[in-house]
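# Geometric and topological summary
The chain contents come next:
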2 protein chains.
Amino acid sequence: MAVTIKDVAKLAGVSPSTVSRVLSGHPRISHKTASKVRDIMQELGYHPNIMAKSLVSKTTKSIGVILPKPAEELFLNTFFMELIRGIVTQANRSGYDIVISSGANEQEEVNAVQRLVYGGRVDGAILLYSRQNDPVVEFLYQENFPFVLVGRNEQYPDLLSVDTNNIQAAYDATRHLISFGHERIGFVSGPKNLMVSKDRLKGYHQAMKEAGLAVKSDWIVEDDFLQESGYRAMSFFMNLPERPTALVVIDDVVSFGVLRGLNELGFKVPSDLCIVSFNNNPLSELYSPPLSSVDIGIYHLGYVASQALIQAIQDEDKSLFSKRHIIPHRLIVRESSMHHLS
Amino acid sequence: MAVTIKDVAKLAGVSPSTVSRVLSGHPRISHKTASKVRDIMQELGYHPNIMAKSLVSKTTKSIGVILPKPAEELFLNTFFMELIRGIVTQANRSGYDIVISSGANEQEEVNAVQRLVYGGRVDGAILLYSRQNDPVVEFLYQENFPFVLVGRNEQYPDLLSVDTNNIQAAYDATRHLISFGHERIGFVSGPKNLMVSKDRLKGYHQAMKEAGLAVKSDWIVEDDFLQESGYRAMSFFMNLPERPTALVVIDDVVSFGVLRGLNELGFKVPSDLCIVSFNNNPLSELYSPPLSSVDIGIYHLGYVASQALIQAIQDEDKSLFSKRHIIPHRLIVRESSMHHLS
DNA sequence: CTGAAAGCGCTTACAG
DNA sequence: CTGAAAGCGCTTACAG
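Chain A has the name LacI family DNA-binding transcriptional regulator in an unreviewed UniProt entry, where Paenibacillus gallinarum is given as its organism.

Structure follows, in structure tokens:
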């Protein structure tokens with residue numbers, strides 16, 4: 001049997017109420033009893049029972065996170081791990097724990113979230129990525145349950161969210177290539193139903209249009225974040241009569257596949273084709289050639305997501321639940337895009 | 001206010017005890033009342049309060065996982081994410097949630113574990129990797145708290161653990177190179193204080209000794225799992241008067257660095273140097289050249305760790321807490337080691 | 001087969 | 001500044 005508040009009270013010669021009060025730092029407790037009680041707690045090795053506390057306070061000091069599990073996402077492992085690391089670090093600093101659940105498909109994800117929410121296991125939730133018609137968002141929104149979205153949602157544009165300005169980021173990446181003289185620039189995107197794919201594609205289009213450059217539909221590939229997608233795209237791209245001289249790629253991991261494909265086809269990067277991608281995977285600077293990439297501060301995204309959510313939960317200020325936090329990005333230029341066309 | 005067991009009881013015209021019993025599938029409840037109660041629960045949208053349940057049952061249906069955070073480990077992101085994925089999947093299937101905590105250093109890690117354990121937040125813990133003199137292991141062991149180790153511990157060899165036979169795995173990798181005619185084989189290891197480094201080094205030595213091959217201390221490098229470590233090692237290795245013709249490398253990510261270093265120095269893999277490494281990172285088959293790697297089934301390690309722990313917790317069979325589960329490994333031969341020396 | 005009662009470990013008005 | 005009492009939502013012997 002663990003030591004309880006009663007044991008401490010008895011030994012300290014006070015009531016349980018008093019012990020509880022020194023525990024919560026109640027102002028109207030004499031210094032003397034407070035320090036005495038604290039001594040006893042120390043002596044007995046007292047630790048408050050979190051479940052009992054939660055039961056009465058209706059608060060768990062826990063945040064739920066749903067892990068996406070579809071096989072396609074496997075390659076985003078480093079992305080999600082980095083995000084979670086940021087979330088966990090900040091949450092722990094604020095005295096919150098992170099509860100992770102997962103589901104093999106959308107329905108299971110909803111079930112997992114329902115268990116956490118209805119069971120009163122968490123005070124809020126963090127969604128690690130944004131897709132169209134997300135039933136989890138729908139559920140959380142209808143329940144009026146506190147949550148933050150990494151990304152953004154089209155149906156509910158005002159949700160509490162932490163995001164990269166992906167339109168701008170893709171615009172920047174494309175501009176970078178244009179400034180090097182490229183006119184035929186392709187885009188290798190990710191799954192169509194992800195907001196990040198749509199936004200980055202949009203930024204690409206904007207930059208192209210602004211520069212008066214044509215975009216051929218052949219130059220755009222939309223596919224999963226699979227290792228193979230970038231790879232497969234290459235034999236198609238490079239056989240085009242008017243093939244691109246540069247590529248914007250949705251994620252560094254897809255670029256790894258692109259590079260492999262090009263290598264097998266006998267093309268050199270950057271001399272035959274320039275590449276810029278996103279997320280600045282730690283391996284990107286190790287590749288040959290090192291990859292130009294837009295660093296979006298993944299850890300920071302997670303850190304801020306947790307921070308914003310906890311703040312919103314604690315302040316009970318409803319306006320905090322419809323705030324968008326934009327984390328700045330930064331294009332890191334490496335060898336893969338260092339080739340002036342002339 | 002959420003709907004409670006009382007509300008259900010009142011509407012169903014039974015006592016709270018009865019509702020509780022149908023909830024837990026108590027055998028001696030008439031079919032009639034049971035189904036009636038279930039209907040009401042459905043109608044009212046009743047969901048049991050997990051905290052209340054935990055308080056009385058002294059069980060949380062949660063497992064704690066400590067995230068290692070030292071910067072050196074950053075590159076193992078895919079390893080840990082994969083492990084966690086396996087853990088979460090199996091835990092959810094068994095009706096358990098995963099609570100993640102982290103600490104910036106060993107002391108903070110211990111604090112995090114203490115909070116979880118003393119606060120009664122989790123029923124057991126999973127340690128994601130094994131190092132020497134781990135204070136977390138020490139704490140958990142002294143407290144007699146249920147936990148499982150991914151790896152093994154020298155001080156307590158009989159802990160519940162899930163591991164790869166790393167000695168054998170490294171032996172296999174080395175044998176593979178020897179069978180291709182290599183005689184000067186080097187070893188690029190990881191941090192000295194990790195069991196995995198020690199075990200793999202041992203297996204390498206065994207294979208070399210058994211084949212009657214000499215091992216020069218110059219051929220062995222022990223370093224962090226840094227991107228740079230493999231990279232830096234190369235200029236040293238390749239300038240040795242008797243330089244190795246093949247390398248066993250502790251992790252694929254380190255190999256990525258090795259490959260980059262060799263590339264810059266103008267050496268070709270596998271013709272100038274053969275490489276085999278471990279963990280079969282998803283990117284390994286995408287590299288040029290594709291990397292030979294020992295697949296250790298990371299997801300499966302996590303899955304079994306969770307399974308073994310939960311089983312031990314539920315069975316209360318003390319003997320289950322000193323069992324070692326070995327997950328089979330498999331050498332996947334790719335281009336990086338496909339070069340016969342003759 | 002079912003109910004009344006006590007209790008899990010804590011918090012918090014209400015008194016004093 | 002401190003205590004007695006009620007209650008958070010559930011479970012579980014104990015009776016019947």
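Moving on to the UniProt feature "domain: HTH cro/C1-type" (unreviewed entry) in chain A. Here, the residues flagged by UniProt with the feature "domain: HTH cro/C1-type" (unreviewed entry) are residues 4-47 of chain A. Secondary structure across residues 4-47 of chain A divides into 68% helix and 0% strand, with the first and last C-alpha atoms of the span separated by 8 Å.

Here we take up the interface of chain B and chain A. Counting from both sides, the interface comprises 51 residues of chain B and, opposite them, 52 residues of chain A. Approximately 5000 Å² of surface area, both sides summed, lies buried where chain B meets chain A, with 59% of it carried by carbon and sulfur atoms. Counting across the interface, chain B meets chain A through four salt bridges. For the interface between chain B and chain A, the tally reads 17 residue pairs in polar contact (both at pLDDT 80 or more). By residue number, the principal contributor to the side of chain B that touches chain A is helix α5 (residues 77-93) of chain B, which donates 10 residues. Per-class residue counts for the side of chain B that touches chain A are 24 nonpolar, 17 polar and 10 charged.

Helices that pack against each other are described as a pair by the angle of their axes relative to one another and the distance between those axes. Residue and element names in this part refer to chain A. The contact between helix α1 (residues 5-12) and helix α2 (residues 16-23) brings their axes to 8 Å, and the two run at 105°. When the axes of α1 and α2 are compared, the pair comes out roughly perpendicular. Across the interface between the two elements, I5, K6, V8 and A9 of α1 pack against P16, V19, S20 and L23 of α2. Residue composition of the contact of α1 with α2, by class: six nonpolar, one polar and one charged.

What follows concerns the sheet that holds strand β12 (residues 330-332) of chain B. All names here are of chain B. Spatially, β7-β6-β8-β9-β10-β12 is the arrangement adopted by the six strands of the open sheet, whose pairing is mixed. Two strands bound the open sheet, and with one partner strand each, they are β7 (220-222) and β12. Put simply, the sheet's adjacent strands are angled 15° from each other on average, direction ignored. Relative to strand β8 (residues 246-249), strand β6 (residues 185-189) runs parallel, the two being bridged by four bridges. Among the inter-strand pairings, V188 is bridged to a residue of β8, identified as V249.

As a structural note, the neighbourhood of DNA strand D is formed by 25 residues, with T18 and K58 of chain A together with I5, S20 and Y46 of chain B the closest of them. Contact between DNA strand D and S15 of chain A: a phosphate oxygen at 2.9 Å from a main-chain N or O atom of the residue. At the level of elements, α2 and α4 (50-57) of chain A together with α2 (16-23) and α4 (50-57) of chain B are the ones that each hand at least two residues to the surface near DNA strand D. At four residues, α4 of chain B tops the list of elements feeding residues into the surface near DNA strand D. Partitioned by chemical class, the residues of the surface near DNA strand D number 10 nonpolar, 10 polar and five charged.

Before going further, it helps to examine the protein's contact with DNA strand C. In the vicinity of DNA strand C there are 25 residues, among which I5, S20 and Y46 of chain A together with T18 and K58 of chain B approach most closely. The protein-proximal atoms of DNA strand C, defined as those within 4 Å of the protein, are 63% sugar or phosphate. Take Y46 of chain A: an N or O atom from its side chain is 2.5 Å from a phosphate oxygen of DNA strand C. Taken together, the elements giving at least two residues each to the surface near DNA strand C come down to α2 and α4 of chain A together with α2 and α4 of chain B.

With that out of the way, let us pick up the relation of the copies chain B and chain A. For the pair chain B and chain A, the superposition axis carries a translation of 0.0 Å, the fit reaches an RMSD of 0.0 Å, and the rotation angle comes to 180°. Taken together, the rotation and translation relating the two chain copies correspond to the operation of a two-fold axis. Identified as the residue of chain B closest to the rotation axis by C-alpha distance is V99 of chain B, at 2.2 Å. Take the interface residues of chain B: 100% of them recur as interface residues in chain A, which is what a same-surface contact looks like.

Residue and element names in this part refer to chain A. Within the secondary structure layout, N153 lies in the loop between β4 (147-150) and β5 (161-164). Taking the relative accessible area as the measure of exposure, N153 reaches 5% and is therefore buried. Within the local environment of N153, its side chain forms a polar contact with the backbone nitrogen of Q155, the two atoms lying 2.9 Å apart. Within the structure, N153 has its side chain in polar contact with the backbone nitrogen of Y156 (distance 2.9 Å).

Reading the values: the criteria
- Sequence positions are assigned chain by chain, starting from 1 and proceeding in written order.
- Labels are handed out in written order, letters beginning with A for the chains and numbers beginning with 1 for the ligands.
- Given that the model is predicted, a residue must reach a pLDDT of at least 70 before its local features are reported, and side-chain atom pairs must reach 80 or more before they are shown or counted; all residues, however, enter totals for whole chains, interfaces and linings.
- Side-chain descriptors were evaluated using all non-hydrogen atoms of the structure, hydrogens and water having been removed beforehand.
- UniProt positions are given in the numbering used here, feature names are shortened, and annotations may be inferred rather than shown by experiment.
- Numbered from the N terminus, helices here are DSSP runs of H or I no shorter than four residues, and strands are runs of E no shorter than two.
- We call two residues in contact whenever any of their non-hydrogen atoms come within 4.5 Å of each other.
- When two components associate, each loses some accessible surface as probed by a 1.4 Å sphere; the sum of these losses over both components is called the buried area.
- What makes a salt bridge here is a side-chain nitrogen of Lys or Arg within 4 Å of a carboxyl oxygen of Asp or Glu, nothing more.
- Residues adjacent in sequence count toward polar contacts only when both atoms are side-chain atoms; beyond that, a polar contact is any pair of N or O atoms within 3.5 Å, and within protein one must be able to donate a hydrogen and the other to accept it.
- Residues are sorted three ways: Asp, Glu, Lys and Arg are charged, Ala, Val, Leu, Ile, Met, Phe, Trp, Tyr, Cys and Pro are nonpolar, and all the rest, Gly among them, are polar.
- Lines fitted to the C-alpha atoms define the axes, with helices restricted to the stretch that makes contact. Angles between their N-to-C directions range from 0 to 180 degrees.
- If an angle is under 35 degrees, it is roughly parallel; if it is over 145, roughly antiparallel; if it lies from 65 to 115, roughly perpendicular; otherwise it is oblique.
- If DSSP finds at least two bridges between two strands, the strands pair.
- When we say a residue is near a molecule or strand, we mean one of its heavy atoms is within 4 Å of it.
- Least-squares fitting of one copy onto the other uses the C-alpha atoms of those residues that reach a pLDDT of at least 70 in both copies.
- Think of it in three bands: residues with accessible area under 20% of the maximum for their type are buried, residues over 50% are exposed, and the middle band is partly exposed, with areas taken using a 1.4 Å probe on protein chains only.

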